[in-house]
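A look at the structure
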Amino acid sequence: MSTGIFLDAMTPRAGKTLIALGLADSLIRRADRVGYFRPVHLGDTPAQDPRVRLMQETFGLDDDAARGGVSLAQCREYLASGQQDELVSVCLAVYAQMAPSYDVVIVDGTDLLAHNAATAEFDLNARLANTMDCSVLAVINGGEAESVEDIVNSVEVTRSELHAARTDLLGVVVNRVDPEWAQEVAERTPAGRRGGHVYVIPENPAISQPTVADVIRSLALDDTALGASADRDIQAVKVAAMTVGNFLEQMGDGDFIITPADRADVVMATLASALSPNFPVPSGVLLSGDHLTGTATQALIDAAPFPVLRTPQDTYSAAQSVGAVHGELRAGATRKIAAALGEWAKHVEEKELLHRLELPRPATMTPLRFLHQLIEAARADRRRIVLPEGEDVRVLRAAEIITRRDFCDLVILGDAARIRELAQNEGIALEVSEDEEPTRGVVRLIDPASSPLREEYARTYAELRAHKGVTQEQAMERMLDGSYFGTMMVQLGDADGMVSGAAHTTANTIRPALEFVKTKEGVKIVSSVFFMLLEDRALVYGDCAVNSNPDAAQLADIARASAATARQFGVEPRVAMLSYSTGGSGSGQDVDTVREATELVRSADPDFPVEGPIQYDAATNASIAASKLPDSAVAGQATVFVFPDLNTGNNTYKAVQQSSGAVAVGPVLQGLRKPVNDLSRGCTVDDIVNTVAITAIQAQQD
């Protein structure tokens, strides 16, 4: 039987979506099977409910794992006709179908949408929670309180009401609190006699502020011809009704501008402002009315670096409509989801919250669990990672996600003015500073060309490379290269790790580390692994990115390093030394090399089982292993696969990735004294985020 957690909004606009996301993120790392149930869903079907879609897309839940009970319209009909028993029965029937299939089910109660029926909704939620035998996590909106005292009273009233309703109170979340009050609220609302630890989450504008995409959705605007991303935060809404000169003095970064469609002067002024490094960039422009736009003006609009939209409404009506739009956590809103998960992680003690729940220990490692555990592991021992490619938009977008998830500190290298301008033009909300020790959540910017660190780094580099004849002048020139500057930051302890390669080759990323970071003691070569995330387990493949034709000693080195990396990331190493032959069935130089490498690993007295030479099928398939190597501790259950050469390894990981749908994370470099990791030039923002997390975890071992 599954454990149920009922999310109960005790006040309107409590921000329960953030709580559902954060709770699911916590549970997905602690249970194999997590379900989500919305007893009363919006829309005619659960698929039309924004929160159901959000949970499905964010956590990979299918239609069976994320379900709904009755529509809001049906719910109101049941309540209006006095058929609450029937309503509860229908919802209970769906929950009863889900419960046997999941270790834990999040039950997301109603949102107090009917302000004149708050009592009826409270009674319904309490009855549903009790009937389903769920613990209740109550959510309060602290943002509309007039004082800390009001919030404290709301917590006590919530505890009292839920106690009277005989619910099992798991905890109380006070959400959307004024950041200036958050600490006092936390201090004045300790765990009560009636149960329920109190968690205080401050209001975060990155979540509550609407985006241009929210405006498009709410006003049903046409976005088919947009040339710029609509995922931009709206800092303020401004109506341009004055002269251009006066208007420009009023406009700020991220303002959403509303102006009549025939005000070509305003359109051109906003475009000119966006293209100037010293003027603000709007988040978007909304042209009101049915006025025609001239051909020349339209050509400029088509090239605008921000969204330009149209509405048939007049300017006043359009301003009212836009003003009523609220920021929402929806499927696809990656930046807001990252901010929400970051707030949950910072302000909710997961272990304390979940300690009373009887959750079975996960038996499998899904891709989602592995990736979410990366973030959590990185957050547990915060490190500073340097990103040398600050003028790549993907790097800046990844930096925004990382700061919102709040799992490590970042340093970005590049021309500071150019980076600020690029982030501004792309609508990337990244707080940056050139201070040596910026506050948490602020990214440090360093321009190697003007940094006072350059001379110190060059002097160190010249000393380390003196045997190669490197002069101070040559070293100063070398430190203009972001990879060299960033690697020297890691070498001297000014950063804990480096991630590069989005815009440069692998050789460009690794070369500085090979020159002066060097390999760990006892390690002869730098190698790499990919984490191959299958549906129910994580495997480690090495080396698929660095060494072309390793000899026996190098293969042994790769095996030991790969086993250590696997263990570091929660994969118990059982190492298969791969070949086209298994055991003693074959011969030849290639097989002999693998056989020799295997013996070298064994003779080093490793604390992990190793088998080789062994074919891939015998390493993974238990029935084949039983016939070929019946007494092996690795055959049929290998977790670490060491390929005989780069050609085999690279092709195999890509074949598995494409044919099985496995998620490939890497390459992860290993063997260096300090962590430096390479990205593919075709990497995505998610790839960068994951690699930064991996690098931060590697740095924790130094």
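If you're wondering where the values come from, they're calculated on a predicted model, not measured in any experiment.

**Topic: the domain arrangement of the chain**
Here the domain parsing of the chain yields domain 1 (3-204 + 335-356), domain 2 (212-324), domain 3 (367-517) and domain 4 (527-671). Computed from C-alpha atoms alone, the centre-to-centre distance between domain 2 and domain 3 is 35 Å. Counting residues at the interface gives 11 residues for domain 2, matched by seven residues for domain 3. The junction of domain 2 with domain 3 conceals about 650 Å² of combined surface from both sides, 34% of it contributed by carbon and sulfur atoms. If you sort the residues of domain 2 by the area they bury against domain 3, R232, D233 and V281 come out on top, with a joint share of 50%.

**Quick look at the packing of helix α23 (residues 552-568) against helix α24 (residues 589-603)**
Packing of α23 against α24 brings their axes to within 8 Å, and their N-to-C directions diverge by 50 degrees. Between α23 and α24, the angle falls in the class oblique. In the packing of α23 onto α24, the handedness of the crossing is right-handed. Residue-level inspection shows A552, A553, L555, A556, A559 and R560 of α23 in contact with α24, the latter providing T593, V594, E596, A597, L600 and V601. Here the residues of the contact of α23 with α24 are counted per class, giving nine nonpolar, one polar and two charged.

**Some thoughts on the packing of aromatic side chains**
In the structure shown here, the tally under the stated rule is 11 aromatic pairs. Taken together, a centroid distance of 5.1 Å and an interplanar angle of 45 degrees make the contact between F370 and F531 tilted. Of the two residues, F370 sits in helix α16 (residues 367-380) while F531 sits in strand β17 (residues 527-533), which places them 161 residues apart along the sequence. Residue F370 is classed as buried on the basis of its relative accessible area of 3%. Relative to Y616, the ring of Y541 has its centre 6.3 Å away and its plane inclined at 85 degrees; by these criteria the two rings are edge-to-face. Pair noted here: Y541 is in strand β18 (residues 538-542) and Y616 is in helix α25 (residues 616-620), with a separation of 75 residues, a long-range link.

**Some thoughts on the pairing of strand β13 (residues 409-413)**
Within a regular beta strand, the side chains point alternately toward one face of the sheet and then the other, so they alternate between its two faces. Extensive coverage of β13 is indicated by the burial of four of its five residues. Note that strand β12 (residues 384-387) and β13 share four bridges and pair parallel. Bridge pairing in β13 places L387 opposite I412. With respect to chirality, the unit in which β12 leads through helix α17 (residues 393-405) into the neighbouring parallel β13 is right-handed. When β13 meets strand β15 (residues 443-446), the two strands line up parallel, connected through three bridges. Note on β15: the bridge partner recorded for V411 is R444.

Each value, and the rule that gives it
- Residues numbered from 1 in each chain as written.
- Predicted model: local features only at pLDDT ≥ 70, side-chain atom pairs only at ≥ 80, totals over all residues.
- Heavy atoms only, no water.
- Domains from an automatic or database assignment.
- Contact = heavy atoms within 4.5 Å.
- Buried area = accessible area lost by both parts, 1.4 Å probe.
- Axes fitted to C-alpha atoms, helices over the stretch in contact; angles between N-to-C directions.
- Helix = DSSP H or I, 4+ residues; strand = E, 2+ residues; numbered from the N terminus.
- Parallel < 35°, antiparallel > 145°, perpendicular 65-115°, else oblique.
- Left-handed = near helix turned anticlockwise from the far one by under 90°.
- Nonpolar A, V, L, I, M, F, W, Y, C, P; charged D, E, K, R; others polar.
- Phe/Tyr/Trp six-rings, centres within 6.5 Å; stacked < 30°, edge-to-face > 60°.
- Buried < 20%, exposed > 50% of the residue type's maximum accessible area, 1.4 Å probe, protein only.
- Pairing = 2+ DSSP bridges.
- Right-handed = clockwise from strand over helix to strand, strands pointing away.

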